[in-house]
Amino acid sequence: MPGDNSAQQRRALAALILAESERDGPRLPTERQLALDLGVSRSAIRPRSAIRHALAVLQAEGRVSREVGRGTFLRGPDGAGDATAGERPAAGPDPVASEGPGPDGLSGSADYAPADVMAVRRLFEPTAMSLVVAWATARDFAEMDRCLQGGEGAADHDEFEVWDAALHRSIIAATRSPLLIRLYSEVERARHSRMWGDLKRRSATAARRDEYRRDHEEIVTALRLRDADQATAAMRTHLARVSAHLLGTG
């Protein structure tokens, strides 16, 4: 596996770890052992870092749980096998497996420019907040909290991006709208492109990550209070901030 540790390569490695783990049992090997078993140590400049980021992808998507002092375990479809059972959000298109062509024959992430992605997100994500307020359950809020905690503990930009995407996915899943969930799966596909990743990485700073964390907290707090107006305003503010940092637009 090439050593540039791009988003697509991390997701490919995550899918490989998942396939091997589903065959071998619920408890995953250590990061070092996974690197050796999968041959990452022979092809990546920082093999354990590549494994760590791939595991962060799986954790953010609810596929594994990482428990201090115990190890990393597969989660079942309802969270079976870890202490946070029942927290996985309503299912949408598989984020790990959604790298190929879409149902309309498009090749996926390469077809969407970051400016187009942000324009669409700013149109539909804020207006979706009223549906979340109407339909979100305790299980949905538990998943949002899990993603907030993951983002808070993220060690670097790439890991934070994984949890950022997971949080927005969990919010859209709480709308219970199959169409919105499908639309957001296209947004996620775009976020896996090299163009998007390079642009986000160039604009990333620790201070901006802190701003995004605060934005996320405000959005989830408003949703939990069932305040549709405040949640909508908070999401608009957040996406305007992302757009300004990413594209230099207000």
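Residues numbered from 1 in each chain as written. Predicted model: local features only at pLDDT ≥ 70, side-chain atom pairs only at ≥ 80, totals over all residues. Heavy atoms only, no water.

(A) Representation of the pattern of salt bridges. According to the stated counting rule, one finds 20 salt bridges in the structure shown. A salt bridge links Asp24 to Arg23; the shortest N-O distance between them is 3.2 Å. Assessed through its relative accessible area of 57%, Asp24 is described here as exposed. The exposed category is assigned to Arg23, whose relative accessible area is 62%. With a closest N to O distance of 2.9 Å, Asp210 and Arg213 form a salt bridge. Linking Asp210 with Arg213, this pair stays in helix α9 (residues 206–224), spanning three residues, or about one helical turn. Residue Asp210 is classed as partly exposed on the basis of its relative accessible area, which comes to 35%. Where salt bridges share partners, they join Glu161, Asp164, Arg191 and Lys200 into one cluster. (Salt bridge = Lys/Arg side-chain N within 4 Å of Asp/Glu carboxyl O. Buried < 20%, exposed > 50% of the residue type's maximum accessible area, 1.4 Å probe, protein only. Helix = DSSP H or I, 4+ residues; strand = E, 2+ residues; numbered from the N terminus.)

(B) Spatial organisation of helix α8 (residues 194–203). Among the residues of α8, those classed as buried are Trp196, Gly197, Leu199, Lys200 and Ser203. The buried residues of α8 occupy an angular sector of 165° when the element is viewed end-on, so they sit on one face. Opposite the buried face of α8, at more than 90 degrees from it, the exposed residues are Met195 and Arg202. Where α8 is buried, its residues meet α4 (114–135), α6 (157–173), α7 (178–191), α9 and α10 (228–247). (Arc of directions from axis to C-beta. Contact = heavy atoms within 4.5 Å.)

(C) The side chain of Asp164, seen in detail. For Asp164, the location among the structural elements is in helix α6. A distance of 3.4 Å separates a polar atom in the side chain of Asp164 from a polar atom in the side chain of His216. Those residues in contact with Asp164 that sit more than four places away from it in its chain are Arg191, His216 and His238. (Polar contact = N/O pair within 3.5 Å; in protein donor to acceptor, adjacent residues only side chain to side chain.)

(D) Representation of unusual backbone geometry within the structure. We note that Arg176 has phi near 60°; this positive angle belongs to a residue other than glycine. Mapped onto the elements, Arg176 comes out in the loop between α6 and α7. The exposure class of Arg176 is partly exposed, given its relative accessible area of 38%. Even without a glycine there, the phi angle at Arg226 is positive, about 60°. Structurally, the position occupied by Arg226 is in the loop between α9 and α10. Arg226 gets classed as partly exposed once you look at its relative accessible area, which sits at 39%.

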